[in-house]
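What follows is each chain in one-letter form.
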Amino acid sequence: MSTATTTTTPTLAGGNAQLATFWLDNDLYGVEVEHVQEVLRSQGITQVPLSPPAVAGLINLRGQVVTAIELRELLGRPPRAEGTDPVVIVVRLHGEAVSLLVDAIADVVDVNARDFESPPDTLDGKARELILGAYKLDGQLLLALDVNRAVGV
Amino acid sequence: MDGLDDIVGEFLVESHENLDQLDRDLVALEQEPNSRERMSSIFRTIHTIKGTSGFLAFNRLEEVTHVGENMLSKMRDGVLELTPFRTDVLLRMVDCVRSLLAAIEADGTEGSVDVSEVVAAISAALEDRAPAASSVATLAPAAPVAPAAPAVEELHDEDNDDEHDEDHDDHEDDAAHAPGPVAAAPAAPPAVPTEPAAQPAAAAAAPKLEPEPGTGPQKGRGIADSTIRVDVDLLDALMQLVGELVLTRNQIVQYASQETGTDLVRASQRLNLIASELQEGVMRTRMQPIDHIWSKLPRVVRDLGQQVGKSVRLEMEGKETELDKTLLEAVKDPLTHLVRNSVDHGIEKAEVRLAAGKPSDGVLSLRARHESGQVVVEISDDGAGMDPARIGAKAVERGLITAEQMARMSTQDILQLTFLPGFSTAAAVTNVSGRGVGMDVVKTNIEAIGGTIEVESVVGKGTSTRLRIPLTLAIMPALTIECAGERYAIPQVSLQELVALDAEKAAAAVEEVGGAPVYRLRGELLPLVQLADVFGLTSDRHDGHLVIAVLRSEGRRFGLVVDRVINTEEIVVKAVGGQLKAVGLYSGATILGDGAVALILDVQALSRRAMRPEAAERQEARAAAAAASLNASVAERQRMLLAAIGGGRQVAIPLDTVTRLEQVKSATVERIGSREVVQYRGAILPIVRLDRHLGAYGESEREVLEVVVYADHGRSVAIVVEEILDIVDGEAAVHSDIDDMGLLGAAVFGDKVTELLDVRAAILAADPMFFTAIHDASLGVPSGLLEV
């Protein structure tokens with residue numbers, strides 16, 4: 001619990017929250033639903049040479065140029081299989097829109113702080129900094145993503 | 001608003017806003033009488049109105065606000081306490097000021113609004129215990145209220161009772177609606193005798209306060225209602241959206257043109273018109289008159305003039321010329337610098353001027369106007385001017401050019417040397433030439449916003465600096481290129497020329513200096529930078545062709561090797577997210593016609609990354625020399641553009657008269673009278689067909705016309721040729737004097753006889769007014785054209 005309180009997001013600290021969930025490399029992740037602006041099918045992505053590896057490129061969101069971040073890369077997962085298109089989740093933080101590339105979108109889930117547990121001590125590397133902890137749902141763990149850190153790249 | 005000049009209009013808008021604030025402040029002040037902040041705010045408002053009304057000669061307004069200010073200042077200093085009665089009087093003053101403003105707005109005069117009553121009331125409240133019966137008596141119907149009210153005040157003061165004050169507070173809520181009657185009302189219970197007097201006073205006051213709400217509806221929107229304040233961010237967002245709309249419209253119009261269904265075509269034409277108007281409208285919302293930055297200059301000129309002991313008269317013309325707010329900010333400093341320069345160094349001291357037969361007062365004039373999609377700002381003084389001989393000598397001394405080069409340079413070119421960084425760092429130069437410090441900074445700043453700067457000067461007569469600034473930054477012309485499968489945009493400002501080499505030539509033309517690839521561009525070694533290498537990508541051009549974009553940034557020139565050139569187009573600049581700022585190679589992004597995102601290359605950052613820093617200085621010096629020699633050597637060697645004109649004939653056109661090479665679809669050629677024109681970059685471009693002009697008859701109807709564009713002083717003409725053949729060094733050795741119409745002679749280029757085009761005649765055939773529009777003939781066509 002200490003992790004959750006010392007890091008961001010007041011919603012996680014106590015009571016209930018709503019998380020928009022998505023699949024990434026067979027894991028279920030969630031971000032606070034109020035950060036999510038919209039979800040898009042795969043988009044044309046313009047590569048940005050010399051950008052940090054997690055930056056997949058730029059997409060045109062109705063005339064606004066939005067950076068797309070490859071969450072697989074960010075979380076140290078293997079690249080998506082050839083020929084499968086990512087789903088784009090547009091989040092709005094501090095007034096700026098940023099998009100996250102994930103495998104598939106899932107439901108909006110009500111979670112309770114009672115079910116929350118900080119990440120296991122064995123969790124290492126990049127993922128440790130970005131995963132706030134896990135909600136123990138029935139038969140599935142829901143990993144809470146620290147979206148502010150994720151888009152900070 | 002008609003009949004009012006701008007100052008009065010602005011004053012009214014501002015005052016209306018301030019008065020609304022004042023109402024709130026006054027009422028709030030009663031709740032917290034000790035708030036110095038509110039007190040000061042009220043004082044400032046009245047002070048401002050007083051000051052401006054005095055300046056604008058609205059005497060009654062000044063009179064009212066003056067007494068109000070007196071009272072407020074005493075309250076602010078704690079000499080007077082704020083009592084409900086005083087609040088009341090102040091609110092009446094506010095209403096009176098409103099009536100006056102309404103009258104001013106109606107016909108520009110203070111009308112018949114009577115202020116004496118309010119003035120008396122305030123004076124009475126100010127003097128506190130002195131009803132001044134005698135003076136009041138002369139004030140006819142309004143009089144009774146004045147003595148009555150202070151009488152009440154006395155009672156209150158004696159009681160000095162908080163509960164009474166609270167009583168008043170309750171009443172004050174009503175006071176906002178009808179200050180007149182309520183003013184007297186609280187007086188009623190404690191001071192019975194005054195009541196009858198108070199009533200008529202209220203009645204008398206009421207009509208005076210009525211007209212204000214009454215006048216509004218009669219004349220439509222009042223001045224305060226016709227403007228609103230809008231957040232600049234909101235305008236930026238609108239501007240972005242409109243930019244998108246324009247791009248989308250372009251796509252739709254393009255699709256529609258392939259359709260035969262007339263309804264779609266008609267609808268797309270309507271969309272086209274509406275989008276254009278909308279774009280114009282939104283752009284106008286961001287426009288501000290240049291006066292916003294000019295208005296500070298009279299003071300600058302005066303202060304500096306006094307400091308250096310010169311008397312300078314500042315003349316301004318075209319104050320109302322509008323440009324984008326962001327650009328206005330960007331131009332402010334360079335402009336101030338130029339003005340300071342003129343006063344400091346340009347204009348001579350009075351005794352020197354008199355000795356030179358000039359009036360003792362110097363004249364500095366600022367002129368602004370719109371000209372072919374740009375704003376032109378001129379700063380001219382009638383000072384000593386700059387002496388090219390001394391500037392040249394100094395430039396030689398600084399090693400910027402050689403004496404030989406200087407000897408061949410035109411006066412114009414020598415003057416431009418003052419913009420070189422190496423030149424202006426020499427403090428001594430300013431004493432000699434009178435100009436220099438910071439001129440390179442001015443130039444850099446102006447160029448950073450896509451503008452240009454040029455200077456003209458006549459010794460003894462004065463100096464004139466001309467800035468050309470784009471109307472807006474949000475949209476800029478750019479070259480789109482492709483590299484390793486992605487498209488990028490390069491701002492047109494940094495682009496000097498494009499060089500395309502086929503595989504055979506490329507293999508021979510690219511040489512190496514210690515491993516660094518270079519290309520000989522007209523005899524100068526141009527360092528080459530592979531964009532794909534900078535990006536760490538692999539170029540997907542494998543056929544050996546080479547496309548070089550010659551770019552210039554901060555005095556360095558380099559050739560950027562790209563895979564292919566796509567187009568030149570107007571792009572809408574968009575910010576990129578913070579994650580990419582660290583890369584540092586992109587100044588933003590844009591959305592292309594097909595909806596894809598393209599990055600805008602930051603040419604400065606690119607050159608900094610690709611080139612060693614010390615190379616820049618060396619190159620700068622050489623570039624200056626090259627620029628000098630290029631202009632100077634016209635007589636001996638000249639770069640020539642060879643073009644076929646049909647019938648097997650070819651002509652040579654001096655390259656320095658060529659601004660751009662373009663292709664134009666025949667279908668887009670329109671007619672004005674007997675002349676052919678084509679729309680080009682938002683202007684009408686007259687064209688001359690060289691084959692007809694010179695009596696050669698090639699294939700007459702081709703789909704795409706090859707066009708040589710020549711532009712000078714904002715005018716352009718297009719010369720149509722059959723085919724662009726080559727660019728060669730003109731050795732004017734082999735001349736023959738074939739004196740045919742439109743030709744200057746002939747020479748042999750390669751092994752073919754080539755006619756030398758009389759460019760001036762060709763241009764005149766397209767646009768007879770071309771040269772007459774240029775006041776100073778020496779600035780028109782370089783004389784070199786005529787002596788090939």
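Definitions and limits used
Numbering of residues begins from 1 in every chain and follows the order in which that chain's sequence is written. Both sets of labels track the order of writing: A upward for chains, 1 upward for ligands. Predicted model: local features are reported for residues with pLDDT of at least 70 only, side-chain atom pairs are reported and counted for 80 or more only, and whole-chain, interface and lining totals are derived from all residues. UniProt positions are given in the numbering used here, feature names are shortened, and annotations may be inferred rather than shown by experiment. By the criteria applied, helices consist of DSSP H or I runs no shorter than four residues and strands consist of E runs no shorter than two, each listed in order from the N terminus. Neighbour density around each residue's C-beta defines its exposure: 20 or more other C-beta atoms within 10 Å make it buried, 12 or fewer make it exposed, and counts between make it partly exposed, where C-beta atoms are placed from the backbone. Residue pairs qualify as contacts under a 7 Å threshold applied to their C-beta atoms, which are placed from the backbone. Two strands pair if DSSP finds at least two bridges between them. Between the N-to-C directions of two axes lies an angle of 0 to 180 degrees, each axis being a line fitted to C-alpha atoms and, for a helix, fitted only over the stretch in contact. Here, the arc refers to the directions that run from the helix axis to the C-beta atoms. We define a nonpolar core as a collection of buried residues of the types Ala, Val, Leu, Ile, Met, Phe, Trp, Tyr and Cys that are connected via C-beta atoms lying within 7 Å of each other. Under the grouping applied here, Gly and all other residues not named as nonpolar or charged are polar, the nonpolar ones being Ala, Val, Leu, Ile, Met, Phe, Trp, Tyr, Cys and Pro and the charged ones Asp, Glu, Lys and Arg. When describing relative orientation, an angle under 35 degrees is termed roughly parallel and one over 145 degrees roughly antiparallel, while 65 to 115 degrees is termed roughly perpendicular and anything else oblique. The handedness criterion is simple: a crossing whose near helix is rotated anticlockwise from the far helix by less than a right angle is left-handed, and one whose near helix is rotated clockwise is right-handed. What a helix is expected to span follows from its residue count: subtract one and scale by 1.5 Å. How sure the predictor is of each residue is captured by pLDDT, a score from 0 to 100.

Looking at an unreviewed UniProt entry, one finds chain B named histidine kinase, with Goekera deserti as its source organism. On record in UniProt, under Subcellular location (unreviewed entry), the comment for chain B is "Cell membrane". Taken verbatim from the UniProt record of chain B, the Catalytic activity (unreviewed entry) comment is "ATP + protein L-histidine = ADP + protein N-phospho-L-histidine."

An unreviewed UniProt entry lists chain A under the name Chemotaxis protein CheW, with Goekera deserti as the source organism.

Asks: How should the overall build of chain B be read in this particular structure?
Replies: Summing up its helical and strand segments, chain B has 30 helices and 29 strands in all. The buried share among the 788 residues of chain B stands at 37%. If you take every contact in chain B between residues at least 6 apart in sequence, the share linking residues at least 24 apart comes to 66%.

Asks: Even after reading the chapter, I still don't get the overall build of chain A, so can you show me in this structure?
Replies: Across its full length, chain A holds five helices and eleven strands. Counting the 153 residues in chain A, one finds 39% classified as buried. Excluding contacts between residues fewer than 6 apart, the proportion of contacts in chain A whose partners are at least 24 apart in sequence is 58%.

Asks: Would you mind showing me how to read the sheet that holds strand β4 (residues 55-61) of chain A here?
Replies: Strand-to-strand pairing in sheets goes through backbone hydrogen bonds, with the strands running parallel or antiparallel. All names here are of chain A. Here we have five strands laid out as an open sheet, ordered β3-β6-β7-β5-β4, and mixed in their pairing. Of all strands in the sheet, those bounded by a partner on one side alone are β3 (36-40) and β4. Sheet twist, expressed as the mean angle between neighbouring strand axes with direction ignored, is 30°. As judged from the four bridges shared by β3 and strand β6 (residues 87-93), these two strands associate in the antiparallel manner.

Asks: Honestly, the sheet that holds strand β16 (residues 564-572) of chain B in this entry has me stumped. Any pointers?
Replies: Residue and element names in this part refer to chain B. Strand order in the open sheet formed by five strands is β16-β8-β9-β18-β17, and the pairing between neighbours is mixed. In the strand order of this sheet, the two ends are held by β16 and β17 (586-591), each with one partner. Put simply, the sheet's adjacent strands are angled 35° from each other on average, direction ignored. Summarising the sheet, strand β8 (residues 475-483) and strand β9 (residues 486-491) pair through six bridges and their orientation is antiparallel. When the sheet's bridge partners are listed, isoleucine 481 is paired in β9 with tyrosine 488.

Asks: Please clarify how helix α27 (residues 603-610) of chain B should be interpreted in this entry.
Replies: Structurally, the α-helix is built with 3.6 residues per turn, so residues lying three or four positions apart point the same way. Residues and elements named next belong to chain B. What α27 keeps buried is the set Val603, Leu606 and Ser607. Along the long axis of α27, the arc covered by the buried residues comes to 95°, so they all point the same way. On its buried face, α27 is in contact with β9, α25 (531-535), β14 (546-553), β15 (556-562) and β18 (597-601).

Asks: Whenever I open this one, the nonpolar core confuses me. Can you help?
Replies: It is characteristic of soluble globular proteins that their nonpolar side chains tend to be buried jointly. By size, the foremost hydrophobic cluster in this structure holds 80 residues, and its most contacted members are A:Ile69 and B:Leu601. B:Trp294, B:Ala395, B:Met406 and B:Ile414 belong to the second largest nonpolar core, which has 41 residues in total.

Asks: How do you make sense of the environment of A:Ala144 when you look at a structure like this?
Replies: All names here are of chain A. Note on placement: alanine 144 falls in strand β11 (residues 140-145). The buried category is assigned to alanine 144, around which 28 C-beta atoms lie within 10 Å. Taking the C-alpha atoms as reference points, alanine 144 and alanine 20, 124 residues apart in sequence, are found 9.9 Å from one another.

Asks: Mind showing me how you'd approach the interface of chain B and chain A here?
Replies: Think of interface size as the accessible area that goes away when the parts come together; that is how it is often given. Listed as interface residues are 21 residues of chain B and, on the opposing side, 18 residues of chain A. Classifying every residue of the side of chain B that touches chain A by side-chain character gives 13 nonpolar, five polar and three charged.

Asks: Just checking my understanding: could you explain the packing of helix α3 (residues 59-76) of chain B against helix α4 (residues 84-107) of chain B for this structure?
Replies: Helices that pack against each other are described as a pair by the angle of their axes relative to one another and the distance between those axes. Residues and elements named next belong to chain B. Running from amino to carboxyl end, α3 crosses α4 at an angle of 160°, the nearest separation of the two axes being 10 Å. Classified by the interaxial angle, the pair formed by α3 and α4 is roughly antiparallel. In this structure, α3 crosses over α4, and the sense of that crossing is left-handed. Where α3 approaches α4, its residues Arg60, Leu61, Val64, Thr65, Gly68 and Met71 are matched on the opposing element by Arg86, Leu90, Met93, Cys96, Val97 and Leu100. Taken together, the residues of the contact of α3 with α4 sort by class into eight nonpolar, two polar and two charged.

Asks: What's the story with the pairing of strand β12 (residues 516-521) of chain B in this structure? I'm lost.
Replies: Look at any regular strand and the pattern is simple: side chains alternate between the two faces of the sheet. Residues and elements named next belong to chain B. The pairing of strand β11 (residues 510-513) with β12 spans four bridges and is antiparallel. Paired with valine 510 across the strands is tyrosine 519, a residue of β12. Where β11 folds back on β12, the antiparallel hairpin that results is connected by two residues, among which glycine 514 adopts a positive phi of roughly 55°. As defined by bridge partners, β12 adjoins strand β13 (residues 524-530) across four bridges and the pair is classed as antiparallel. Looking at β13, one finds that tyrosine 519 is bridged to leucine 526.

Asks: Would you explain α4(B) in this entry?
Replies: Between the first and last C-alpha of α4(B) there are 35 Å, a value that for 24 residues agrees with the 34 Å anticipated at 1.5 Å per step. Across the 24 residues that make up α4(B), a large majority, 22, are buried.

Asks: Which parts of the structure should I look at to understand the packing of helix α16 (residues 325-346) of chain B against helix α23 (residues 439-448) of chain B?
Replies: All names here are of chain B. Where α16 meets α23, the axes come as close as 9 Å, and the angle between the chain directions of the two elements is 155°. One finds that α16 runs roughly antiparallel with respect to α23. Where α16 crosses over α23, the handedness of that crossing is left-handed. Residues Ala330, Asp333, Pro334, His337 and Leu338 of α16 pack against Val442, Asn445 and Ile446 of α23.

Asks: Even after reading the chapter, I still don't get unusual backbone geometry, so can you show me in this structure?
Replies: Residues other than glycine seldom take positive phi values, yet A:Leu50 does so here, at roughly 70°. Turning to its location among the elements, A:Leu50 is positioned in the loop between β3 and β4. A count of 16 C-beta atoms within 10 Å places A:Leu50 in the partly exposed class. Although it is not a glycine, B:Arg522 sits at a positive phi angle of roughly 50°. Within the element layout of this structure, B:Arg522 appears in the loop between β12 and β13.

Asks: Where do I start with the confidence of the model for chain A in this structure?
Replies: Detailed reading of the predicted model is not advised wherever pLDDT is low. Residues and elements named next belong to chain A. Per-residue confidence for chain A gives a mean pLDDT of 85, with 90% of residues at or over 70. Per-element confidence in chain A is highest for strand β2 (residues 27-32), whose mean pLDDT is 94, and lowest for helix α1 (residues 2-6), whose mean pLDDT is 38. For residues 1-13, every residue scores under 50 in pLDDT, and the model assigns this stretch 27 contacts once sequence neighbours within four places are set aside.

Asks: I tried to follow the pairing of β13(B) on my own but got confused; where do I start?
Replies: Residue and element names in this part refer to chain B. Counting the residues between successive antiparallel strands, the hairpin from β12 to β13 contains two residues, one of them, arginine 522, with a positive phi of roughly 50°. Note that β13 and β15 share three bridges and pair parallel. Each residue of the ladder has a partner; that of valine 529, found in β15, is leucine 560.

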